[in-house]
Amino acid sequence: MIGLFVAGFGMVLALAGDVAASRLGAGRVASYRASLFAGLCATALLLWMLPGIEWPTVAIALLTYATWWFIFLNLVQSLESSLRVKILGAIQAAGGHVSRPALATLYNDRKLLGLRLDRLRHGGAVVERGGRLHVVSPGLKTIAGLFRFLKMLLIGKTSEFGA
């Protein structure tokens, strides 16, 4: 039971680390890093300070912290990048109602695709050579490979968009 409390303490400091990094002007990825590191350090430090802690408690605390932090990351990411959330925010900002044509000017496929590709290019993750896009970020290549593997494992194909 102590492992869960220690993980909870780590999460409180992870959240504080994320807020502090964001308020100090760090970008989202840097804020996530600060959050993960702050919570992990807090969890490890508390485990080290408590007397008589055995390895199963350490394993429970660290695995629980990692799981809760991953849930936090996905929740925050969905709030920041979900198109549905953005559309609802735009409707709310417009007084609770907006016409379809007005919404279509903000969110159309070509505009969204261009915005995302520009971000990838400016971030150095993707380059264009000979009219084709190439992923050059080793981290993104690894993540894409992982998701490709998971899709093959779960749905039996590497893309849910046709053959």
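So, here's what we can say about the structure. (Residues numbered from 1 in each chain as written. Predicted model: local features only at pLDDT ≥ 70, side-chain atom pairs only at ≥ 80, totals over all residues. Heavy atoms only, no water.)

Considering the layout of surface pockets
Think of a ball as big as a water molecule: rolled over the atoms, this probe shows where empty space is left. By volume, the largest pocket is sized at about 1400 Å³. Around the largest pocket, the lining comprises 28 residues; the ones closest to its centre are Val29, Tyr32, Gln77, Ser81 and Leu140. At the level of elements, helix H2 (28–49), helix H3 (55–81), helix H4 (83–93), helix H6 (109–122) and helix H7 (138–155) are the ones that each hand at least two residues to the lining of the largest pocket. Broken down by element, the lining of the largest pocket gets its largest block of residues, seven residues, from H3. Per-class residue counts for the lining of the largest pocket are 17 nonpolar, five polar and six charged. (1 Å grid on protein atoms, 1.4 Å probe; cavity = no way out; pocket = protein on both sides within 12 Å on 5 of 7 lines; lining within 4 Å. Points joined across faces, edges and corners; volume = space filled by probe spheres on them. Helix = DSSP H or I, 4+ residues; strand = E, 2+ residues; numbered from the N terminus. Nonpolar A, V, L, I, M, F, W, Y, C, P; charged D, E, K, R; others polar.)

Side note on the pairing of strand S1 (residues 126–129)
Examined bridge by bridge, S1 and strand S2 (residues 132–135) share four bridges and lie antiparallel to one another. Bridge assignment links arginine 129 to a residue of S2, and that residue is arginine 132. Here S1 hands over to S2 after two residues, with glycine 130 in that stretch at a positive phi of 60 degrees. (Pairing = 2+ DSSP bridges.)

What about the pattern of salt bridges?
If you walk through the whole model with that rule in mind, you get three salt bridges. For aspartate 18, the salt bridge goes to arginine 28, with nearest N and O atoms at 3.0 Å. Taken together, the residues span a long stretch of sequence, with aspartate 18 in helix H1 (residues 2–23) and arginine 28 in helix H2 at a distance of ten residues. Using a relative accessible area of 8% as the deciding quantity, one classes aspartate 18 as buried. Classification of arginine 28 as partly exposed rests on a relative accessible area of 26%. Arginine 121 is the partner of aspartate 118 in a salt bridge, and the nearest nitrogen-oxygen pair spans 3.5 Å. Of the two residues, aspartate 118 and arginine 121 are both situated in helix H6; the distance of three residues between them amounts to about one turn of the helix. Using a relative accessible area of 37% as the deciding quantity, one classes aspartate 118 as partly exposed. If you follow the salt bridges from partner to partner, you end up with Asp118, Arg121 and Glu128 in one network. (Salt bridge = Lys/Arg side-chain N within 4 Å of Asp/Glu carboxyl O. Buried < 20%, exposed > 50% of the residue type's maximum accessible area, 1.4 Å probe, protein only.)

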